[in-house]
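Okay, here's what each chain looks like letter by letter:
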Amino acid sequence: MGGDPDILTDFIVPEGTNINGSFFTFTGMRVLITQETPPPTFHVLKASRAEFPALDGQSVSYAVLEFPTGSVNPPHVHPRASELLFVVQGSLQVGFVDTNNKLFTQSLQTGDLFIFPKGLVHFQFNSDSKNYAFAISAFGSASAGLVSLPNTLFNTTIDDNVLALSFKTDVATIQTLKKAFSP
């Protein structure tokens, strides 16, 4: 079972940290306010335990997702948390697949929320050819985790034969896919 442990104190302070109000403040999102143009590719700005240590033990984290036209947040999983997505600007096509392989999709507009259940494969896509989309995700964990399926499958050392058999294709096709994901 993955998830945040229950803590026995109000908050967790890393050893040697002198805390005051700034320990509980994250300024990493300020860049969004001063940004003059959207990024050219899909971009995520996170506030999780790694970036904001005060979240440790609080069972909450945050991400801001920026979607230029035609961009996608590829199929992925958060093994330790559900995700609540709020569309702030634009529109998104979203979906997840349950454990019976049933796909649930929805077209979201500005102001809509969508829940992605914990541990299920899901995605978001800005299919609008003219408008940028901007969304905020809240997670029920300080460290939701991320397993990006394309990157996990095609940018690791999983044997090409295993992938070819799994995807019912040939090794040459797998090697072509791997080239697209290599650094």
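Computed from a predicted structure; not experimentally measured.

**Student:** Residue-level account of the packing of aromatic side chains, with values.
**Tutor:** Aromatic ring pairs are described here by two measures, namely the spacing of the ring centres and the angle between the planes. Scanning the entire structure with this criterion turns up 10 aromatic pairs. Centre to centre, the rings of Phe-154 and Phe-167 are 5.7 Å apart; their planes meet at 35°, and the pair counts as tilted. Here Phe-167 lies in the loop between α3 (160-166) and α4 (171-181) and Phe-154 lies in helix α2 (residues 149-154), a separation of 13 residues in the sequence. With a relative accessible area of 10%, Phe-154 lands in the buried category. The class for Phe-167 is partly exposed, based on a relative accessible area of 43%. Counting every residue linked through ring pairs, the aromatic cluster contains Phe-96, Phe-104, Phe-114 and Phe-116.

**Student:** Please give an account of the pattern of salt bridges that cites residues and values.
**Tutor:** With the rule as written, the count across this model stands at 3 salt bridges. The partner of Glu-51 in a salt bridge is Lys-46, with the nearest N and O atoms 4.0 Å apart. The partly exposed category is assigned to Glu-51, whose relative accessible area is 33%. The partly exposed category is assigned to Lys-46, whose relative accessible area is 44%. Close ionic contact of Arg-49 with Asp-56 constitutes a salt bridge, the shortest N to O distance being 3.5 Å.

**Student:** How would you sum up the domain arrangement of the protein chain? Please name residues and give values.
**Tutor:** Once the domains are mapped, the protein chain shows domain 1 (1-145) and domain 2 (147-182). The C-alpha centroid of domain 2 is placed 27 Å from the C-alpha centroid of domain 1. Listed as interface residues are 7 residues of domain 1 and, on the opposing side, 4 residues of domain 2. Interface area, domain 1 with domain 2, both sides summed: about 370 Å², of which 69% is carbon and sulfur. The tally of links from domain 1 across to domain 2 stands at 0 salt bridges.

Quick notes on the rules
- Residues numbered from 1 in each chain as written.
- Predicted model: local features only at pLDDT ≥ 70, side-chain atom pairs only at ≥ 80, totals over all residues.
- Heavy atoms only, no water.
- Phe/Tyr/Trp six-rings, centres within 6.5 Å; stacked < 30°, edge-to-face > 60°.
- Helix = DSSP H or I, 4+ residues; strand = E, 2+ residues; numbered from the N terminus.
- Buried < 20%, exposed > 50% of the residue type's maximum accessible area, 1.4 Å probe, protein only.
- Salt bridge = Lys/Arg side-chain N within 4 Å of Asp/Glu carboxyl O.
- Domains from an automatic or database assignment.
- Contact = heavy atoms within 4.5 Å.
- Buried area = accessible area lost by both parts, 1.4 Å probe.

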